[in-house]
Amino acid sequence: MAAAAEPGARAWLGGGSPRPGSPACSPVLGAGGRARPGPGPGPGPERAGARAPGSVAGPGHSFRKVTLTKPTFCHLCSDFIWGLAGFLCDVCNFMSHEKCLKLVRIPCTSVAPSLVRVPVAHCFGPRGLHKRKFCAVCRKVLEAPALHCEVCELHLHPDCVPFACSDCRQCHQDGHQDHDTHHHHWREGNLPSGARCEVCRKTCGSSDVLAGVRCEWCGVQAHSVCSAVLAPECGFGRLRSLVLPPACVRLLPGGFSKTQSFRIAEAVEPGEGGDGADGSAAVGPGRETPATPESGKQTLKIFDGDDAVRRSQFRLITVSRLASAEEVLEAALRVHHIPEDPGHLELCPLPPSLKACDTWAGGKAGSAVISEEGRSPGSGEATPEAWVIRALPRAQEVLKIYPGWLKVGVAYVSVRVTPKSTARSVVLEVLPLLGRQAEGPESFQLVEVAMGCRQVQRTALMDEQPLLDRLQDIRQMSVRQPAFAATVVSVSHVYSSQGAVVLDVTCFSEAARLYVLLKDMAVRGRLLTALVLPDLLHAKLPPDSCPLLVFVNPKSGGLKGRDLLCSFRKLLNPHQVFDLTNGGPLPGLHLFSQVPCFRVLVCGGDGTVGWVLGALEETRYRLACPEPSVAILPLGTGNDLGRVLRWGAGYSGEDPLSVLLSVDEADAVLMDRWTILLDAHDTASAENGTADAEPPKIVQMSNYCGIGIDAELSLDFHQAREEEPGKFTSRLHNKGVYVRVGLQKISHSRSLHKQIRLQVERQEVELPSIEGLIFINIPSWGSGADLWGSDSDTRFEKPRMDDGLLEVVGVTGVVHMGQVQGGLRSGIRIAQGSYFRVTLLKATPVQVDGEPWVQAPGHMIISAAGPKVHMLRKAKQKPRRAGTTRDARADAPAPEGDPR
């Protein structure tokens, strides 16, 4: 259950005993203290201007009638506002027709935090340009580099971040109960201009204003009024069989940041409003720094409590020098989004000692002439005066209590807190109000929750802790939103081949301490990779669920990999999306190790696919689903395996949703995997040896293995990319480099047939005059070329990727390779078999699935690698019927008999 003081504190209360196997913590009766304040007792402040007719405005809005000077659209219905008058909210800039006022249900940003049942922090990536997007706080267009959440569709001006609500998607259990159903998570605006309402089927998107709502999970789109008609339960839409349900994921309560929980690289984020050279809030549309004040006016700095002073985070207001105390205080509250009664607050000038001096008490009549006291001591020029909003001491406060269980008819209940009130007495008073009076108070706990846009911090309160003193301390730090306060360990798994250890930690504070300790620790000069992984409650997965484990290599495909990471985190549960540059495939495979049925999507080149398949082979014996099917989103240069499985020559910006739908509809096929044993001999006696002797090692092969000229070209390309990786972000440029390297080697002759020996099925095979020897497992080589050819040959069987046989082909040089890639010729067919032994008489370039190196003289033994791997082949496209839409994400019922 949650409790929050009307002026600003909030708490959560949880009941019942912890579930078996859950972390050792009491259920939370949460207190959302330190959140933005809800409306205080008594009437709200009056605003200047004509008031909206009646009292039917949406929650928390302060509408006034304004004269329109340019074309304007309604934020509710998105229609044009005809005439010269509209109704504008002073705080959040919500614009409405007069006829739409009574239908407004979108809360004002000043009260939105008090309506959040489960606070979840956002995770902002680096600033970027987001065309035709609107800020969720000030509702104005994002014309400059802005911030967006990596997990949900929240877009903000940097200046608006302190006023954003902690309402990101809840992607895992956090101590709350009743997770057997999942409700829609509505996000307002930024819909495609052609979006259709799920209820009335009319256009609900707009490119002119922030209008319409969309469920962050299932993608259903609707008008904000129409969304109330829809059932509250969310079925995850068309992707329901691929999504990892939040109810099946459990993370230690306590508040790991989103970057740690979702393994997101921490971006250097700007301070919340402290970007200016003078400490002022960053400038953004709707939050512009006032120009030089007119004669008779003055600009003031307004701080919201001691924490804002410490962080140098203030807002600027411009008022008349003869403004009344009420007018100045009202402007200060409005700029900080504080909808509280001004009679409960005051403005104190900010002296150097930060001690309170003369005050402006809200509610006093008369005029207040702004004096020179606010100027910086010793400063020769007039600087904006600085004032701090303070809460007047009161004999009692109103606290909001939010239940930690979700199946309750009210969002919160309010209780009055006096000097005698303690956490235990509040629990005893609240339980009857929530219908839990039959249960003992020892099963519940009051928890203070600090709600911030970037982090949500929970602190359990002691039973005898006085609450009134605590609330007044909180309001001293911030009237609106205060600052945050900045062992049971066991080894559960050891992956010796990968050098990884998994620790189970049942105490959050110990987990946080270990994370900080390990992420900066080095072993033999190499930094450890420390990741936070949740528990996956596989027993709670729906019977028809087959969640998708997504691996993305952001270094592949230029910047496309980075964009895909963000897109997949928003379409799926971020816990099921992994960045391969942050720990490799092992963390994801470990997380899904107990899932009885799952699929894998690998976004990267052929080398990335081989990396994941190799890790899958090593961990197969630990998986409850030992043979998950693997799909490919090709991001590399060649992408031969992706071509064979119909995933295309390379990703070119397709809608990520359509990619996931294709994975869901793909067909499972088998593919051989091959093991290559490399046993190098001492090169001291080898003539012209250029490589050092190496210990025997084993590599895995899926596509092909090349020896000679094609490996030499791959090696030159690889070395060029290592020297200047920034230039290799275009697939066309990469192929151009290959061509240039090939032209340089046209006249080069290695006489490879004299430098190697080949045995097939332990029989010596005489090699023709060739420059390259290639073992192929799939009917695609060198970016789609058919090296084997389509001509029938009675000496060999027709090649297949699952027949347990490799085809051996030779090429005579660069010109021959170019003719093969142009479709003019095929390679020289040499042999076909399941066991090969190659003897290298001198150091020779070798490449396996596009990964090249120089192999020292010795032996190479190629044989089958055991079980075949299950791959997903994209289903053939069916003709689209006329009139059908591409919005397949709506939760349409599956056809009868469809296992999904």
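Scoring rules and cut-offs
Residues numbered from 1 in each chain as written. Predicted model: local features only at pLDDT ≥ 70, side-chain atom pairs only at ≥ 80, totals over all residues. Heavy atoms only, no water. Helix = DSSP H or I, 4+ residues; strand = E, 2+ residues; numbered from the N terminus. Areas by Shrake-Rupley, 256 points an atom, 1.4 Å probe, with all protein chains shown as cover. Buried < 20%, exposed > 50% of the residue type's maximum accessible area, 1.4 Å probe, protein only. Arc of directions from axis to C-beta. Axes fitted to C-alpha atoms, helices over the stretch in contact; angles between N-to-C directions. Parallel < 35°, antiparallel > 145°, perpendicular 65-115°, else oblique. Left-handed = near helix turned anticlockwise from the far one by under 90°. Contact = heavy atoms within 4.5 Å. Nonpolar A, V, L, I, M, F, W, Y, C, P; charged D, E, K, R; others polar. Polar contact = N/O pair within 3.5 Å; in protein donor to acceptor, adjacent residues only side chain to side chain. Pairing = 2+ DSSP bridges. Salt bridge = Lys/Arg side-chain N within 4 Å of Asp/Glu carboxyl O. Phe/Tyr/Trp six-rings, centres within 6.5 Å; stacked < 30°, edge-to-face > 60°. Lys NZ or Arg CZ within 6 Å of the ring centre and 35° of its normal. Core = buried A, V, L, I, M, F, W, Y, C linked by side-chain atoms within 4.5 Å. pLDDT = per-residue confidence, 0-100. Patch = residues over 30% accessible without salt bridge, like charges linked within 9 Å, V, L, I, M, F, W, Y side chains within 5 Å.

Student: What is the right way to read the overall build of the protein from this model?
Tutor: When helices and strands are tallied, the protein shows 14 helices and 45 strands. Approximately 39,100 Å² of the protein is accessible, and the part contributed by carbon and sulfur atoms is 52%.

Student: What should I look at first to understand helix α5 (residues 467–477) in this one?
Tutor: Buried within α5 we find L467, L468, L471, I474 and R475. Taken end-on, α5 shows its buried residues confined to a sector of 120°, consistent with a single buried face.

Student: So what exactly am I meant to see when it comes to the packing of helix α7 (residues 560–571) against helix α11 (residues 656–665) here?
Tutor: Between two packed helices, both the angle of their axes relative to each other and the distance between the axes serve to describe the pair. Where α7 meets α11, the axes come as close as 10 Å, and the angle between the chain directions of the two elements is 65°. In terms of orientation, α7 lies roughly perpendicular with respect to α11. You can see that α7 and α11 cross each other, and the crossing is right-handed. On the side of α7, the interface is formed by L564, S567, F568 and L571, while α11 contributes P656, L657, V659 and L660. Its residues assigned to classes, the contact of α7 with α11 shows seven nonpolar, one polar and no charged.

Student: I tried to follow the side chain of D672 on my own but got confused; where do I start?
Tutor: When you line up the elements, D672 lands in the loop between β32 (667–671) and β33 (674–680). Within polar-contact distance, the side chain of D672 engages the backbone nitrogen of D803 at 3.3 Å. There is a polar contact of 2.6 Å between the side chain of D672 and the side chain of K868. In this view, D672 contacts S702, N777, M801, D802, D803, G804, L805 and K868; residues no more than four positions away in its chain are not counted.

Student: Whenever I open this one, the sheet that holds strand β35 (residues 704–708) confuses me. Can you help?
Tutor: Backbone hydrogen bonds are what pair the strands of a sheet, in a parallel or an antiparallel way. The sheet built from six strands is open, its strands ordered β40-β39-β38-β35-β42-β43 with antiparallel pairing. The strands lining the two open edges of the sheet, one partner per strand, are β40 (828–833) and β43 (851–855). Each strand of the sheet is rotated relative to its neighbour by a mean of 20°, with strand direction disregarded. Pairing geometry for strand β38 (residues 772–776) and strand β39 (residues 806–811), over five bridges, is antiparallel. Its bridge partner being in β39, L773 is matched across the sheet by G810.

Student: Could you clarify how one ought to interpret helix α4 (residues 423–433) in this entry?
Tutor: Turn by turn, an α-helix covers 3.6 residues, leaving residues three or four places apart pointing in a common direction. Every buried residue of α4 is listed here: A423, R424, V426, V427, V430 and L431. Viewed end-on, α4 has its buried residues packed into an arc of 150°, placing them on one side of the element. Of the residues one or two after α4, G435 is the one with positive phi, at around 75°.

Student: Explain the pattern of salt bridges here, please?
Tutor: Once the charged atoms of two side chains with opposite charge are near each other, the side chains can pair. Overall, the coordinates contain 21 salt bridges when judged by the stated rule. Notably, a salt bridge pairs D90 with R64, separated by 2.3 Å at the nearest N-O pair. In this pair, D90 sits in the loop between β6 (85–89) and β7 (95–96) while R64 sits in strand β5 (residues 63–67), placing the two residues 26 residues apart along the sequence. Take D90: its relative accessible area is 15%, and that puts it in the buried class. Notably, a salt bridge pairs D793 with R829, separated by 3.7 Å at the nearest N-O pair. Here D793 is found in the loop between β38 and β39, whereas its partner R829 is found in strand β40, with 36 residues between them in sequence. Overall, the relative accessible area of 15% leaves R829 in the buried class. A cluster of three or more residues bridged by salt bridges with shared partners is formed by D167, R187, R214 and E216.

Student: Is there a simple way to think about the environment of L210 in this case?
Tutor: Locating L210 in the fold gives a position in the loop between β10 (186–188) and β11 (213–215). Classification of L210 by relative accessible area gives buried; the value is 1%. Linking L210 and S78, residues 132 residues apart in sequence, is a C-alpha distance of 8.2 Å. Once residues lying within four places of it in the same chain are set aside, the contact partners of L210 are H75, F134, C135, A136, R139, E188, G189 and N190.

Student: So what exactly am I meant to see when it comes to the packing of aromatic side chains here?
Tutor: One pair of aromatic rings is described through two measures. These are the centre distance and the angle between the planes. Enumeration according to the criterion identifies nine aromatic pairs in this entry. Relative to F94, the ring of F63 has its centre 6.0 Å away and its plane inclined at 80°; by these criteria the two rings are edge-to-face. Taken together, the positions of F63 in strand β5 and F94 in the loop between β6 and β7 put the pair 31 residues apart, joining distant regions of the chain. This pair shows no difference in class: F63 is buried, exactly as F94 is. Aromatic side chains W217 and F236 sit 5.5 Å apart centroid to centroid with 90° between the ring planes, which places their arrangement in the edge-to-face category. With a gap of 19 residues between them, W217 in the loop between β11 and β12 (221–222) and F236 in the loop between β12 and β13 (249–250) connect regions that are remote in the sequence. Of the two residues examined, W217 and F236, each falls in the buried class. Ring pairing ties together the aromatic residues F73, F80 and W82, which thus form one cluster. In this arrangement the basic side chain of K697 is found over the ring face of W853, its NZ or CZ atom lying 5.1 Å from the centre.

Student: Honestly, the environment of S783 in this entry has me stumped. Any pointers?
Tutor: In this fold, S783 is placed in the loop between β38 and β39. Overall, S783 belongs to the partly exposed group, its relative accessible area being 28%. Sequence-wise, S783 and N639 are 144 residues apart; in three dimensions their C-alpha atoms are separated by 6.3 Å.

Student: What should I look at first to understand the sheet that holds β33 in this one?
Tutor: Pairing is antiparallel across the open sheet formed by six strands, whose spatial order is β34-β33-β44-β41-β36-β37. The open sheet has two edge strands, β34 (697–701) and β37 (763–765), and neither has a second partner. Between one strand and the next, the sheet's axes are offset by a mean angle of 25°, whatever the strand orientation. Alignment of strand β36 (residues 756–760) against strand β41 (residues 835–840), held across five bridges, turns out to be antiparallel. Considered in β41, the bridge of V760 is made with F836.

Student: In this structure, what is going on with the nonpolar core? I would like to understand it.
Tutor: Inside soluble globular proteins, nonpolar side chains tend to come together where they are buried. In this structure, L156, L239, V550, F568, L601, L660 and M871 are the most contacted members of the largest nonpolar core, which totals 90 residues. If you look at the next biggest cluster of nonpolar residues, it comprises 28 residues, including W674, I676, L767 and I862.

Student: Honestly, the confidence of the model for the protein in this entry has me stumped. Any pointers?
Tutor: Residues shown with low pLDDT carry predicted positions that ought not to be read at fine detail. With 75% of its residues at a pLDDT of at least 70, the protein reaches an overall mean of 77. Looking at the elements of the protein, mean pLDDT is at its lowest for strand β3 (residues 29–31), recorded as 34, and at its highest for strand β28 (residues 548–552), recorded as 95. Note that residues 355–383 has pLDDT below 50 and, in this model, 53 contacts with residues that lie over four places away or in other chains. Note that pLDDT drops below 50 for residues 683–689; the model gives that stretch six contacts with residues more than four away or on any other chain.

Student: Would you mind going over the side chain of R829 with me for this structure?
Tutor: Within the structure, R829 has its side chain in polar contact with the backbone oxygen of W788 (distance 2.9 Å). A polar contact is formed between the side chain of R829 and the backbone oxygen of G789, at a distance of 3.2 Å. Sequence-distant contacts of R829, defined by excluding residues within four places in its chain, comprise W788, G789, S790, D791, S792, D793, R795, F796 and V808.

Student: Looking at this structure, I do not really get the environment of A631. What am I missing?
Tutor: Position of A631 among the secondary structure elements: in strand β31 (residues 629–634). For A631, the contacting residues outside a window of four places in its chain are V600, L601, V602, W647, V663 and L872.

Student: When you look at a nonpolar patch on the surface in this model, what are you seeing that I'm missing?
Tutor: Taken together, the side chains of V491, V494, V501 and L503 define a hydrophobic patch exposed on the protein surface, amounting to about 330 Å² of accessible area. For the nonpolar patch, the elements supplying multiple residues, two or more each, are β23 (489–495) and β24 (500–505). Within the secondary structure, V491 is located in strand β23. Taking the relative accessible area as the measure of exposure, V491 reaches 54% and is therefore exposed.

Student: Any chance you could explain unusual backbone geometry here in plain terms?
Tutor: One can expect most non-glycine residues to show negative phi and most peptide bonds to be in trans. One non-glycine residue, R139, lies in the positive phi region at around 65°. In this fold, R139 is placed in the loop between β7 and β8 (147–148). R139 sits in the buried class, given a relative accessible area of 6%. A positive phi angle, close to 65°, is found at R201, a residue other than glycine.

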